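Residue-level structure breakdown
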Amino acid sequence: MKHHGGMFPKVAKLFSSSEVIDQFEFIKRLEDGQFKVVSFDVFDTLVARFISSPEDIFYLLEKRARDDLGVRLPIAAMRGDAIRKIRNFASQEEPTNKEVSSSEVYKYIELHYAVDRRLCEALHHLERQIELELSTPRPAGLKLFQAAVKSRAMVIITSDTYYDEEHLKLVLEKCGVVGYHRLFVSSAGQRTKSAGTIFPAIFAQLATHIPALRPHDICHIGDNETNDVANPKSAGWQVYHLPNPIDRLKHHPLYGRNGFDRLSKFPAPFRMIVAALAYKMFEEPEADLHEKSLFGGDAYNIGFMAAGVLNLGLAHWVAREVRMRKSLGPINIVHFLARDGFLPIRFFNEVSRLTSLDVKSNYLVASRRVLYPAQIDSATDIITAALKHPIKPHQPVEALYKTRMSWSSTAKVVLAEFNDRRLSTKERHKESYLSAVAAHGQEVVDEAEAAKQRLRQVYGPDIDRDDAIFFDLGYHGTTQKLFSKLFDRDYDFLYVLAEPSLLQVTEERGRFSSFLSVPTGSYVRKPVVTAVVEAMICASGPSAVGVSIENGKTKVEYETQPGWGAAGVLTLNEIHEGALDFLDWMLVGFGNNLRYFALEPALAYFFVNLLLRNGTAEDRQVFSSIVYDNSITGEIDSLASKRYWLSKQ
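Overview of the structure. A quick note: this is a predicted structure, and the numbers were derived from the prediction, not measured.

Definitions and limits used
- Residues numbered from 1 in each chain as written.
- Predicted model: local features only at pLDDT ≥ 70, side-chain atom pairs only at ≥ 80, totals over all residues.
- Heavy atoms only, no water.
- Helix = DSSP H or I, 4+ residues; strand = E, 2+ residues; numbered from the N terminus.
- Buried < 20%, exposed > 50% of the residue type's maximum accessible area, 1.4 Å probe, protein only.
- Contact = heavy atoms within 4.5 Å.
- Phe/Tyr/Trp six-rings, centres within 6.5 Å; stacked < 30°, edge-to-face > 60°.
- Core = buried A, V, L, I, M, F, W, Y, C linked by side-chain atoms within 4.5 Å.
- Pairing = 2+ DSSP bridges.
- Axes fitted to C-alpha atoms, helices over the stretch in contact; angles between N-to-C directions.

**Some points on the overall build of the protein chain**
- Broken down by element type, the protein chain carries 29 helices and 18 strands.
- A total of 649 residues make up the protein chain; the buried ones form 56% of that total.
- A fraction of 73% describes how many contacts in the protein chain between residues 6 or more apart in sequence connect residues 24 or more apart.

See below:
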């Protein structure tokens, strides 16, 4: 774990209530041949699935049944009801043997819900296919398995599952679990780990093949404290508990405080995202966990959890908005404006592919400084240049030229004539400079027209069309108004957030939709959204300050320094690395099923909100090197400033 600024967070090891053996010590016991038989649980021990409960698979089954089979039935509810009813019937017949098979479950669905037999067979096959797709190796479990295989012990698999042996073998093979001797499945033997009846039954079978075998010669390894620890212990077996990452998350001090103890009440996509985060962050049984923060003062963790989930939800929202607009008219390209579209376009490209959204994407380099000439139509526009985007009092006269008038050679001459006053921060000097430039009104307006023509040459091929839509951070919607004014078109924009002033855009220049809506009240605060959230989507490189055409090719001029500060760039890159790794992690865990992970904006924002409201001093320290530097308004501040955080710590 990385620690910033020399600050080492206080950590706590979160263990189960059972006795914990050091993993390295236990591996040594395996290698020394202390056990004649080593038994492994399957799911959450050798095989990871990023789900919080089987109901999550039923959710995906319903979605896939609609898309793959053309079936529109409440499959998730039917499947969940069927397994509960069948298990209840089985327990009434024989209280100690509650497990049933998935074949029995679908037979119940066929008879009870009057579903065609062939359709039930197709659904059964599809469920097994999804289960296989979601199965990935659990590294901590495989490490123990490989040590057991190398020892002289007999290695067996012991699983409580309604799937049959054939399917379980496919799951194990996919996850690299090969070389075991026997496979015991509760659905086949009608004995279960949950009731504790499977362990004596397995011992009886093994004792006929292994001379002088005693229960204590067998060690069972699993994640569940009852099924894999308490019950095999009661049968006289030795045990090793490999904690489930989701259970470790549940032991975290922040878990109940932030509603995770009611995880089953959240929508299935969010539940599975939480499971995926747990398997990434809490996989290793020896890992240290920060006792007050899920992020542990680590930029990568912040990127993985907060920025990753935010960008995934944002990408699904953009795809949904584009699809809706495509139903109303042609939309063939989405322009993600630099620099705010840096991470969103990467997430969108994956979501677009997964959802078969037939549109192109483009990372369009633009900025308010580049487009500023589009605002100048008269001398009045020159004089009011500092009013449209109020400039901070500490900014000198020269800043007005650099951020608003650098495209004008006349404005440059006037600035030079100001001598030392160009560095003055006095308001009267700023006003007199703009007045002096406005005194050359016609010259400057002509220069503005020439600059507009260059802008049309640069951007026209990409955006002077009816089938384009744009993505941007939002705030005041200046870029939307400038592009619309430049090409005399009404453009649709998709924003992360909308300031109240953006409502004017609808009346003036095109429509917009906002992901986080208007940031007022207790939901989010303006400084938070324009700074911390911006850092979670925005490129770390410098912003464009001008564009031109040279030899028929576009040339972009950039700031000499990135707006985040030199050290801040390194931290941002860590955050972005974490976010992109989150996307890769989700693709590994869910594959094409990730197309069903649309989130409500509040849930996509959940971990960002958790960071801002419960962020520790170590979490804020991560942002201390990042400088929010708005060259247009002159706002400069470290993102560690308390005004950007909702935490009281």
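Text resumes after the structure shown.
**Considerations on the packing of aromatic side chains**
- In total, this model carries 30 aromatic pairs according to the counting rule given.
- When the ring of Phe 50 is compared with that of Tyr 279, the centres are 5.6 Å apart and the planes differ by 35°; the resulting orientation is tilted. Of this pair, Phe 50 sits in the loop between β3 (47-48) and α2 (54-69) while Tyr 279 is found in helix α13 (residues 268-281), placing the two residues 229 residues apart along the sequence. By the burial criterion, Phe 50 is buried, and Tyr 279 matches it.

**Some thoughts on the nonpolar core**
- In terms of nonpolar packing, the biggest core is built from 121 residues, with Phe 270, Met 536, Phe 607 and Phe 623 touching the most fellow members.
- Counting residues per element, this core draws most heavily on helix α14 (residues 299-326), at 16 residues.
- Ignoring anything within four residues of it in the chain, the contact list for Phe 270 reads Phe 260, Leu 263, Leu 599, Leu 603, Phe 606 and Phe 607.
- Residues Phe 26, Phe 40, Phe 145 and Val 185 belong to the second largest nonpolar core, which totals 30 residues.

**Let's talk about unusual backbone geometry**
- Following Ala 338, the chain continues to Arg 339 via a peptide bond in cis, the omega torsion being 5°.
- Its place among the elements puts Arg 339 in the loop between β10 (333-337) and α15 (342-354).
- A positive phi is found at Ser 356, a non-glycine position, where the angle reads about 55°.
- With respect to the helices and strands, Ser 356 occurs in the loop between α15 and β11 (360-364).
- On the basis of relative accessible area, Ser 356 is assigned to the exposed category, the value being 65%.
- A positive phi angle, near 55°, is found at Asn 551, a position not held by glycine.
- Relative to the helices and strands, Asn 551 resides in the loop between β15 (544-550) and β16 (553-558).

**Some details on the sheet that holds strand β14 (residues 512-514)**
- One open sheet holds the 5 strands; their spatial order is β11-β10-β12-β13-β14, and the pairing between them is parallel. Pairing within the sheet leaves two strands with one partner each, and these edge strands are β11 and β14. If you compare each strand with its neighbour and ignore which way they point, the axes differ by 25° on average.
- Pairing of β10 with strand β12 (residues 468-475), which is carried by 4 bridges, proceeds in the parallel orientation. Note that in β12 the partner of His 335 across the bridge is Phe 470.
- Sheet contacts for α14: β10, β12, β13 (492-498) and β14; angle to β13, the most-contacted strand, approximately 150°.
- Across the sheet, helix α22 (residues 441-463) touches β10, β11 and β12, and the angle it forms with β11 is around 160°.

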